[in-house]
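# Residue-level structure breakdown
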Amino acid sequence: MPRQCDICQSARAIIRRPKTGQRICKECFFYVFETEVHHTIVDNRLFNRGARIGIGASGGKDSTVLAYVMKTLNQRYDYGLELFLLSVDEGISGYRDDSLETVKRNQKQYELPLKIVSYEQLYGWSMDSIVEAVGRKNNCTFCGVFRRQALDRGALMLDLDHIVTGHNADDVAETILMNVLRGDIPRLGRCTEIATVGDGYIGRSKPFKYAYEKEIVMYAYLKRLDYFSTECTYSPNAYRGYARQYLKDLESVRPSAIIDIIHAGEAMKVAETVQLPTLTSCSRCGYISSNAVCKACVLLEGLERGIPKMGISKQSGQAAAADAQPVDRGKAVEPVHFEQLREQALEIRRLRMQTTAASSDSTARPELCAESMCACTEDGCS
């Protein structure tokens, strides 16, 4: 006899939640999943009303579900947020170009503005060219560093207040394990934080911090969302893959292992005697950094000099940062300084506020047409 839903006691249960063990029906699953994300947002006060929020969109299951849920909750609970899709094109042939097509379809499906920034545009290097130079062993280091900075650059181009990413509970638990195994105390102390500040200007958060990957996959499947599921061409050798497999083995024995690791990481405190790095601004690009020259600039310099492994290890990165001198960038482009991007973002905001104030003054523009989608000005309609 089919088992009934543990929540509504009427519909047939089709899902057993790995986090709680509850057997629930499809509609109750949608409700509890969305409600838990809502409580995560509200309890942690992730956003302010009227904020411009960029959703990190890769086309994968996590970011696709995040975009759908953020739009749903924004309408249901009247957050008053202005949502955007923000994507990074790393330049990986046969992978990112295909996934970006999914993002473009999501843009139309969810009716959200989309901004795409590329490594080629920002740094003068694509991941394909980086892998050609450095090989497949350490390429994820380049991609992770460049992507994080690229998101902040894209956010400033759009004058966003905040970025949300689709990092889920599995991702957070994996990161905790990786930092423990590497003995990376500074990152271990902050990797469990649900909200951080990227470049010191734009906030960043993880609304899916407590959402299991299995439930995100199930949500996407049952909602029939359009997402890209192919693994990155260059990721099979990534260190994270070993932590992921270990976590899966733990979960098979103890389903609550993922959330237990997260809570353990949250409870960890760095001893006061441990000296943590002091954050400052990169002398070249202005990005937040614990060294005189940020990791992205050190990696770029290594690529330009023909010694791409220069910034891979901590020791070599610190040595390069200590005596780094401006070089002929050759293939690369000079990244726009973050201070310049911040000034441009402030100017965009100022102009937008002026436009908003003018449009709200009905007496200031009496001749403008009433068509809601018309891009009209005081000189006429277009």
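Heads up: these notes are all about the structure in this document. Computed from a predicted model, the values in this text were never measured in an experiment.

### Brief notes about the packing of helix α10 (residues 239-253) against helix α11 (residues 257-267)
Between α10 and α11, whose axes approach to 8 Å, the crossing angle comes to 115°. Where α10 abuts α11, its residues L247, L250 and E251 lie against A257, I258 and I261. When the residues that make up the contact of α10 with α11 are grouped by side-chain class, the tally is 5 nonpolar, no polar and 1 charged.

### A word on the sheet that holds strand β7 (residues 195-197)
Spatially, β5-β4-β3-β6-β8-β7 is the arrangement adopted by the 6 strands of the open sheet, whose pairing is mixed. Whereas interior strands pair on both sides, the edge strands pair on one side only; in this sheet they are β5 (114-118) and β7. With direction set aside, neighbouring strand axes in the sheet form an average angle of 30°. Two elements, strand β3 (residues 52-56) and strand β4 (residues 82-89), share 5 bridges in a ladder whose sense is parallel. By the bridge assignment for β4, I53 is matched with L83. Here helix α2 (residues 61-76) sits on the sheet and contacts β3, β4 and β6 (162-164); the angle it forms with β3, its principal contact strand, is near 155°. Of the strands in this sheet, β4 and β5 are in contact with helix α3 (residues 96-110), which crosses β4 at around 165°.

The rules we used
- In this numbering scheme, every chain counts its residues from 1 along its sequence in written order.
- Given that the model is predicted, a residue must reach a pLDDT of at least 70 before its local features are reported, and side-chain atom pairs must reach 80 or more before they are shown or counted; all residues, however, enter totals for whole chains, interfaces and linings.
- Hydrogens and water are ignored here; the side-chain numbers use all heavy atoms of the structure.
- Geometry is summarised by axes, namely lines fitted to C-alpha atoms with helices restricted to the contacting stretch, and by angles between N-to-C directions that run from 0 to 180 degrees.
- For helices the rule is a DSSP run of H or I covering at least 4 residues; for strands it is a run of E covering at least 2, with both sets numbered from the N terminus onward.
- Residues count as neighbours in contact if any of their non-hydrogen atoms are within 4.5 Å of one another.
- Any residue outside Ala, Val, Leu, Ile, Met, Phe, Trp, Tyr, Cys, Pro, Asp, Glu, Lys and Arg is labelled polar, Gly included; the first ten of those are nonpolar and the last four are charged.
- By this definition, two strands are paired if DSSP reports at least two bridges between them.

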